Amino acid sequence: MAAVSPFARSNAFEDALLSAREQTIEEMYSVPESFLEIEVRNPQTHGFGRKMYTDYEIVCKARHWTNIPAFKLRHSVVRRRYSDFEAFRDILEHESTRVNIPPLPGKVFTNRFSDEVIESRREGLERFVCIVAGHPLLQTGSKVLCAFLQDPAWDKAQWV
C-alpha cells in the first residue's frame, strides 16, 4: 500500500480566505505572534561562475499548543533558494487573493555572493516567512504554506 504524502494537495477550497474585513497596515506587515518558531539560517553558496546560487535552511518548530492541522510536522528542516521564495510568494498571491502578501527582499545584481548581501537577504527572507506563516488566513487556508516550510521534496512546478 503506497503511503500518501502529508503534503499532498487537496482539491477543496478554503472558505477562510473569504474574509470581508480589510487588513490594517500593521496586520499586513508587522511580525505576528507566532505559533511556529521559524528561523532562516545557514546560507550556503553552490556552483561556479554563472551557475552559482545560495540556498538557505528553514527550520520550523511547532509550539506545544499549536493546533493548526496544516502543519503536520512538529519540527522540520528544509533548504530553499531565493527563486523558490519568489515562486512561493507568487503562488501565495494567486492562492490567497484576499491577503496582501509582503514583498521579498529585492534582487541583487552586484556582489550578490558577498557575506553582507547574503546576510541581509537571509534576514529579509526570515522576516517574510515569519509574517506569512503568522497570518491567520494563510495558516488555515493556504495549501502551499506548510508544504513550502516543511516538505523537503517541495517543487514549485507542482503548484503552478
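In what follows, the accompanying structure is described. Computed from a predicted structure; not experimentally measured. (Residues numbered from 1 in each chain as written. Predicted model: local features only at pLDDT ≥ 70, side-chain atom pairs only at ≥ 80, totals over all residues. Heavy atoms only, no water.)

**Re the layout of surface pockets**
Rolled over the atoms, a probe sized like a water molecule indicates the empty space that remains. Of the voids in this model, the second largest pocket is the one considered here, and its volume is about 270 Å³. Together, 15 residues line the second largest pocket, and Tyr53, Tyr82, Lys107, Arg112 and Arg121 are the ones closest to its centre. Broken down by secondary-structure element, the contributors of at least two residues to the lining of the second largest pocket are strand S2 (53-62), helix H2 (82-95) and helix H3 (115-134). Tallied by class, the residues present in the lining of the second largest pocket amount to 9 nonpolar, 2 polar and 4 charged. (1 Å grid on protein atoms, 1.4 Å probe; cavity = no way out; pocket = protein on both sides within 12 Å on 5 of 7 lines; lining within 4 Å. Points joined across faces, edges and corners; volume = space filled by probe spheres on them. Helix = DSSP H or I, 4+ residues; strand = E, 2+ residues; numbered from the N terminus. Nonpolar A, V, L, I, M, F, W, Y, C, P; charged D, E, K, R; others polar.)

**Section: the pattern of salt bridges**
Evaluated as defined, the whole model comprises 9 salt bridges. A salt bridge links aspartate 55 to arginine 79, with the nearest nitrogen and oxygen atoms 2.8 Å apart. Of this pair, aspartate 55 sits in strand S2 while arginine 79 sits in strand S3 (residues 75-81), placing them 24 residues apart in sequence. Among the residues examined, aspartate 55 registers a relative accessible area of 8% and is labelled buried. The partner of arginine 89 in a salt bridge is glutamate 93, with the nearest N and O atoms 3.1 Å apart. (Salt bridge = Lys/Arg side-chain N within 4 Å of Asp/Glu carboxyl O. Buried < 20%, exposed > 50% of the residue type's maximum accessible area, 1.4 Å probe, protein only.)

**Examining the packing of aromatic side chains**
All told, the structure shown has 4 aromatic pairs when counted by the stated rule. Aromatic pair phenylalanine 85 and phenylalanine 148: ring centres 5.2 Å apart, planes at 75°, arrangement edge-to-face. Pair noted here: phenylalanine 85 is in helix H2 and phenylalanine 148 is in helix H5 (residues 144-150), with a separation of 63 residues, a long-range link. For the pair formed by phenylalanine 85 and phenylalanine 148, the shared burial category is buried. For the ring pair phenylalanine 148 and tryptophan 154, a centre distance of 5.0 Å and an interplane angle of 90° mean the geometry is edge-to-face. Each of the two residues, phenylalanine 148 as well as tryptophan 154, counts as buried. Through a chain of ring-to-ring contacts, the aromatic side chains of Phe85, Phe88, Phe128, Phe148 and Trp154 assemble into a single cluster. Here the guanidinium or amino end of arginine 80 rests over the ring plane of phenylalanine 148, the centre of that ring lying 5.2 Å away. (Phe/Tyr/Trp six-rings, centres within 6.5 Å; stacked < 30°, edge-to-face > 60°. Lys NZ or Arg CZ within 6 Å of the ring centre and 35° of its normal.)

In short, shape yes, function no, at least from these values alone.
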